[in-house]
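# Coordinates in review
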Amino acid sequence: MSTIFRNIIAPLSMAVAVMMPATAAAPQVRTQAPGYYRMLLGAVEVTALSDGTVIIPLDQLLTHTTSAHVAEVLASHRLGTRVETSINAFLVNTGERLVLIDAGAGTSFGAHAGGRLPDSIRAAGYRPEDIDAVLLTHIHGDHSNGLTVDGKAVFPNADVYVDEHDAALWLDPASRDRVAKGHAHTVDEALAAFAPYRRAGKLKTFRGGAEVMPGIRSVPTPGHTPGHTVYEVSGGGQTMRFIGDLLHAKDVQMAEPEVTISFDEDAGAARRQRETLFADAAARGYVVAAAHTPFPGVGHVERSGRAYAWAPLHYSALQ
Ligand SMILES: [Zn+2]
């Protein structure tokens, strides 16, 4: 080794030797930032918010298919059968009102699933108490349990809007015996989640199709639950539809919209609603915001023959 070379290499290797242990000892962080993603729809600001994720065994939950087929399709997308599924909510700032669409799971799924929505709201520049209205796509734990934590309203200044059919089913204690055994827990969870809002006179039910507030129209899509609702927001010549649980497993149900899920109250109707929405979204080209497609859950539906595909919205840092 020439002297010149040694003079360069030796200090370098010393530097490496000094730096290596420090690098190896740095603790791994292993968390994501609170999730939000901002979009503008004309003068309307829409912020996708992450409530975190929940791991669900899709091969056990999807119906009108077989576990083996679901496993095979998921493998073709490089996924196992236990799929980490996003829980997304959306904040719509109309310029006059701050409206949250769906409220996340709160603490009901335990420490490692859901429950991050309040942090995501704060990271996005708002506070839970700033929210004027919560619009629920439907009543189910991952959409409505986050209304209330430890008996306290998480959104103390908000009116809560839900289709009258979901309120009639899930807020009636007698429904424990009317729904499938595995769905009865939703009644108890809903009674607890809505309690502070009902006491304060802040529960507002509506009939599907109503303009819930200026610029936000409800589209009744009963099936997954009897009052399942899609919300449509328009601005600047663009339209966005918040589709709630018309889609749970994009890697299976986009190509095979006839596949349903055991959480559906009426699987046949849920399937028809999904097929109608996909056909409409593909034909009209509006942006779809979905509760359970990977965060931020916004994209377009594209048609290819009888099947559909999900095209995530192109990333933008410019607002
Ligand atoms: Zn859901």
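Remember, it's a predicted structure, so these values are computed and weren't measured experimentally. (Residues numbered from 1 in each chain as written. Predicted model: local features only at pLDDT ≥ 70, side-chain atom pairs only at ≥ 80, totals over all residues.)

### Description of the sheet that holds strand S4 (residues 82-93)
Pairing between sheet strands relies on hydrogen bonds along the backbone, with the strands arranged either parallel or antiparallel. To keep it simple, the criterion reads: A strand pair is defined by DSSP finding two or more bridges across the two strands. A run of H or I in DSSP counts as a helix once it spans at least four residues, and a run of E counts as a strand once it spans at least two, with each numbered from the N terminus. Interaxial angles span 0 to 180 degrees and are taken between N-to-C directions of axes, which are lines fitted to C-alpha atoms, for helices over the stretch in contact.
Taking strand neighbours across the sheet as the criterion, the 7 strands line up as S1-S2-S4-S5-S6-S9-S10 in an open arrangement whose pairing is mixed. Bordering the open sheet on either side are strand S1 (36-41) and strand S10 (203-206), each of which pairs with just one other strand. Along the sheet, successive strands turn relative to each other by an average axial angle of 25°, direction set aside. In the sheet, strand S5 (residues 98-101) pairs with strand S6 (residues 133-135) via 3 bridges, with the strands oriented parallel. What sits directly across from Ile-101, in S6, is Leu-135.

### A look at the sheet that holds strand S13 (residues 229-235)
Definition in use: Throughout, a residue-residue contact means that the two C-beta atoms, derived from backbone geometry, are no farther apart than 7 Å.
If you trace the 7 strands from one edge of the open sheet to the other, you get S11-S12-S13-S14-S16-S17-S18, paired in mixed fashion. Of all the strands in the sheet, just strand S11 (211-213) and strand S18 (307-312) have a single pairing partner and so form its edges. Each adjacent strand pair in this sheet contributes to an overall mean axis angle of 35°, direction not counted. Of the pairings in the sheet, the one linking S13 to strand S14 (residues 238-244) comprises 5 bridges and is antiparallel in character. Following the sheet pairing, Tyr-231 is matched in S14 by Phe-242. Helix H9 (residues 267-284) rests against S13, S14, strand S16 (287-290), strand S17 (298-304) and S18 of the sheet, and its axis sits at about 95° to S17.

### Concerning unusual backbone geometry
Note the cut-off: Residue burial here comes from a neighbour count, namely the number of other C-beta atoms, placed from the backbone, that lie within 10 Å of the residue's own C-beta, with 20 or more meaning buried, 12 or fewer meaning exposed, and in between meaning partly exposed.
Pro-296 follows Phe-295 through a cis peptide bond whose omega is 5°. Mapped onto the secondary structure, Pro-296 falls in the loop between S16 and S17. One non-glycine residue, His-64, lies in the positive phi region at around 55°. When you line up the elements, His-64 lands in the loop between strand S3 (62-63) and helix H3 (67-76). Owing to 13 C-beta atoms within 10 Å, His-64 belongs among the partly exposed residues under this scheme. For Arg-78, which is not glycine, the phi dihedral falls at a positive 60°. Along the polypeptide, Arg-78 turns up in the loop between H3 and S4.

### A closer look at the nonpolar core
Test applied: We define the nonpolar core as any set of buried residues of the types Ala, Val, Leu, Ile, Met, Phe, Trp, Tyr and Cys, connected via C-beta atoms lying within 7 Å of each other.
In this structure, Phe-90, Val-134 and Leu-147 are the most contacted members of the largest nonpolar core, which totals 80 residues. Setting aside anything within four residues of it in sequence, one finds Val-134 in contact with Leu-100, Ala-103, Leu-147, Phe-155, Ala-158, Val-160 and Tyr-161.

### Some points on the pairing of S1
Regular strands place their side chains on alternate faces of the sheet. Here 6 bridges tie S1 to strand S2 (residues 44-57), and the two strands are oriented antiparallel to one another. The residue of S2 that forms the bridge with Tyr-36 is Leu-49. Two successive antiparallel strands, S1 and S2, enclose a turn made up of 2 residues, where Gly-42 displays a positive phi of approximately 65°.

### Some details on H9
Cut-off, in case you're wondering: Given the number of residues in a helix, its expected span is that number minus one, multiplied by 1.5 Å. Each direction from the helix axis to a C-beta atom contributes to the arc, which is the arc of those directions.
Over its 18 residues, H9 runs 26 Å from end to end, which matches the ideal 26 Å to within 8%, given 1.5 Å per residue. Restricting attention to buried positions, one finds in H9 the residues Ala-270, Arg-271, Gln-273, Arg-274, Leu-277, Phe-278 and Ala-281. Viewed along the axis of H9, the buried residues span an arc of 160°, placing them on a single side of the element. Structural note: H9 exposes Gly-268, Ala-283 and Arg-284 on the side pointing more than 90 degrees away from its buried face.

### Points about the environment of Val-301
On the secondary structure map, Val-301 appears in strand S17. By the C-beta count within 10 Å, which is 26 here, Val-301 ends up buried. In the structure, Val-301 is positioned 142 residues away from Asp-159 in sequence and 32 Å away in space, judged by C-alpha atoms. Discounting residues that sit within four places of it in the chain, Val-301 has contacts with Phe-278, Ala-281, Ala-282, Val-288, Tyr-308 and Trp-310.

### Details of the pairing of strand S12 (residues 216-220)
In this structure, S11 lies alongside S12, joined through 2 bridges in antiparallel fashion. Directly across from Met-213, in S12, lies its bridge partner Ile-216. In this structure, the hairpin formed by S11 and S12 is closed by a connection of 2 residues, where Gly-215 is found at a positive phi of approximately 90°.

### Re helix H7 (residues 185-199)
In this model H7 runs 22 Å from its N-terminal to its C-terminal C-alpha over 15 residues, within 8% of the 21 Å that 1.5 Å per residue would give. Where H7 is concerned, the buried positions are Thr-186, Val-187, Glu-189, Ala-190, Ala-193, Phe-194 and Tyr-197. Summarising the contacts, the buried residues of H7 are in contact with helix H5 (141-144), strand S7 (148-149), strand S8 (152-153), strand S9 (159-163), helix H6 (164-170) and S10. Looking one or two places after H7, you find Gly-201, whose phi comes out positive at around 70°.

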